[in-house]
2 protein chains.
Amino acid sequence: MAKLVECVPNFSEGRNKEIIETIIDEVRRTEGVKLLDYSSDKDHNRTVVTFVGSPEETREAAYKLIKRASELIDMSKHQGAHPRMGATDVVPFIPIKDITTEECVQMARDLGKKVGEELNIPVYLYEDAASSPERQNLANIRKGQYEGFFEKIKDPEWKPDFGPCEMNRKSGATVIGARFPLIAYNVNLGTDNLEIANAIAKKIRHIGGGLRYAKAVGVMLTERNIAQVSINLVNYEKTAIYTAQEMVKMEAKRYGVPVVGAEVIGLVPMKALIDCAEYYLQIENFDMNQVLEARLSE
Amino acid sequence: MAKLVECVPNFSEGRNKEIIETIIDEVRRTEGVKLLDYSSDKDHNRTVVTFVGSPEETREAAYKLIKRASELIDMSKHQGAHPRMGATDVVPFIPIKDITTEECVQMARDLGKKVGEELNIPVYLYEDAASSPERQNLANIRKGQYEGFFEKIKDPEWKPDFGPCEMNRKSGATVIGARFPLIAYNVNLGTDNLEIANAIAKKIRHIGGGLRYAKAVGVMLTERNIAQVSINLVNYEKTAIYTAQEMVKMEAKRYGVPVVGAEVIGLVPMKALIDCAEYYLQIENFDMNQVLEARLSE
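Residues numbered from 1 in each chain as written. Chains lettered and ligands numbered in written order. Predicted model: local features only at pLDDT ≥ 70, side-chain atom pairs only at ≥ 80, totals over all residues. Heavy atoms only, no water.

Overview of the packing of aromatic side chains
In this description, an aromatic ring pair is defined by two values, namely the gap between the centres and the angle between the planes. In plain terms, the rule: Ring pairs are drawn from Phe, Tyr and Trp, using the six-membered ring of Trp, whenever the two centres fall within 6.5 Å, and their geometry is named by plane angle: stacked under 30 degrees, edge-to-face over 60, tilted for the rest. Going along the chain from the N terminus, every DSSP run of H or I of four or more residues is numbered as a helix, and every run of E of two or more is numbered as a strand. Working rule: Lys NZ or Arg CZ, within 6 Å of ring centre, within 35 degrees of ring normal, means a charge sits over the ring.
Evaluation of the coordinates by the stated rule reveals 15 aromatic pairs over all chains. Geometrically, the ring pair formed by Y146(B) and F150(B) is edge-to-face, given 5.3 Å between the ring centres and 85° between the ring planes. Within this pair, Y146(B) and its partner F150(B) are both found in helix α5 (residues 145-152), separated by 4 residues, close to a single helical turn. Site record: aromatic cluster; members linked through ring pairs are Y242(A), Y279(A), Y280(A), Y242(B), Y279(B) and Y280(B). Lying across the ring of W158(A), K152(A) places its NZ or CZ 4.2 Å from the centre. When the ring centre of Y213(A) is taken as origin, the NZ or CZ atom of R212(A), which lies over that ring, is 4.6 Å away.

This is the structure:
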């Protein structure tokens, strides 16, 4: 069984197609790595890339992407709506198959060291690879953004984990780490009352006393005129999709509001959905190897 | 995207390990084909093999398996509890990915012609490949079994679709065809009353006025002392697992009996379970390409 890791680098160019394609070509050209998806946002002036492969080849593709982005993007001229601090802004490694989070953490460290030493870019480790609790959260690290980092980097508390202790004017600084697959799951309510969606979101999310691995906010779907509970599940093995779904239903009952639909945004691991089928069908002793496609990929 | 077809030949040897392995070696040796599973039953004196591959290579592996079985199995000496009429008894082709039932029917015809002509074995086409409605049902074709076929084959109504119009004494006759993936799904009831399981089975199965693509019988799980509704779903895209599950629950209510569990037996296509997750989670507009593993296998 082959180890499989996912990598989702975000780089700070979302407008110039030639630059975007040239950077992504580094992934396409790497053997043993498969480009799954990429999307650019002009307002954010940012591109998100998703690829998978074996650990070594994935780390190699990530390095080549960071190197190319450092050559083609000049952060001193970058403008965009999304918070950012580097040409390659953030690079998470995500365990997919037969690989542990610890191995992904080691990949992040190895890549961070190489980027720091060979490309002269300050590197911060985040999430499961973080060197301190304050560095777990990406938003916490990125506070102040590119412009603010020329000062922030001098603070001993914000000394980079790898690379130079001063800002790279052209490339900024890069955040590298390891995290579990994130599932973006939204539940639509049979109401146009955003306050109800917000109240439910507060109840189900971790910081409100809810589910350990759920983040949630209320959102208004203006076209359909319905309120939605927008959820991020950061560990679907411990906080399952069906758990979030049933908890939204339970809280919605207090308002006499039905759940009228749901949506999965972007990619989702097969197991996250099959776990739900197992729960609702009350299946006993299911083995993922009974799934034909799982057997085929062995 | 590569076409993928499954083949599940049943051959009439379940006791002699050397013969069994030699026959299965024909599948192992065929490039582009993957052996997923095989199991032998001594009482039935029969082995069921499951493999997948591209259409041409799968047909080739099936032919080589039939040829080897015709050399190593002598039906005039065969005894076993399971109904059978040939050394290779039945060979279904099953569409898995990017392949139509029609293409599988053509595979069955091509293989049947070759087996008839080159191995001198009478061949009957069944299920979706059947040449007449009476030949759709395997049990209908096989009635009389090996011993009865020396007479049955002379009946013009039972003229083989391919091959000689008289029985092959050593190899018998073989049934080849195409069918949709079959899902074996059992629902456990919170009762030790087999009559209730039987009554529910009658209501949900096609012939009882129930679901078009469901077969069902009541079964007693003696070790656990509970009754079970044992279901075969012969077209999960039209009669879904969740439909069967909910209909069992609905009928069980009449007796005040709860569903206490369920089980999937053997292999199941990923989509059959994800369809259930979609239903219960009320997911709108889901695309199978959002499943990471589906994207990887592209």
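Now, onward.
Concerning the relation of the copies chain B and chain A
Note the threshold: Copies overlap after least-squares fitting; the atoms used are the C-alpha atoms of residues with pLDDT of at least 70 in both. The criterion used for residue contact is that any of the two residues' heavy atoms lie within 4.5 Å.
By a simple turn and slide, chain B fits onto chain A: the slide is 0.0 Å along the axis, the RMSD is 0.1 Å, and the turn is 179°. These values place the two chain copies in the arrangement generated by a two-fold rotation axis. Across chain B, the rotation axis passes nearest the C-alpha of A277(B), at a separation of 2.4 Å. Comparing contact sets, 100% of the residues at the interface of chain B also lie at the interface in chain A, consistent with an isologous, same-surface contact.

With respect to the domain arrangement of chain A
The following threshold applies: Residue ranges assigned to the domains are those given by an automatic or database domain assignment.
For chain A, the domain assignment lists domain 1 (4-178) and domain 2 (183-296). Its C-alpha centre places domain 1 of chain A at a distance of 29 Å from the equivalent point of domain 2 of chain A.

Observations concerning the interface of chain B and chain A
Many analyses report the size of an interface as the accessible area lost when the parts associate. Applicable threshold: When two parts are put together, the accessible area they lose, computed with a 1.4 Å probe and summed over both, is reported as buried area. Here, a salt bridge means any Lys or Arg side-chain nitrogen found within 4 Å of an Asp or Glu carboxyl oxygen. For this analysis, a polar contact is any N or O atom pair within 3.5 Å, provided that within protein one partner can donate a hydrogen and the other can accept it, and provided that sequence-adjacent residues contribute only side-chain to side-chain pairs. For this classification, Asp, Glu, Lys and Arg are treated as charged, while Ala, Val, Leu, Ile, Met, Phe, Trp, Tyr, Cys and Pro are nonpolar and the rest, including Gly, are polar.
Listed by partner, the interface residues are 44 residues for chain B and 44 residues for chain A. Carbon and sulfur atoms supply 60% of the area that chain B and chain A bury against each other, a total of about 3,800 Å² over both sides. When the buried area of chain B at its contact with chain A is split by residue, L281(B), E284(B) and L292(B) rank highest and sum to 18% of it. The interface formed by chain B and chain A holds 2 salt bridges in total. Where E284(A) meets R224(B), a salt bridge forms, and the shortest distance between an N and an O atom there is 2.9 Å. The tally of links between chain B and chain A comes to 30 residue pairs in polar contact (both at pLDDT 80 or more). If you list the elements that add at least two residues to the side of chain B that touches chain A, you get β1 (4-7), β3 (33-41), β8 (183-189), α7 (241-253), β11 (259-265), α8 (270-281) and α9 (292-296) of chain B. Looking at the side of chain B that touches chain A residue by residue, the classes come out as 27 nonpolar, 7 polar and 10 charged.

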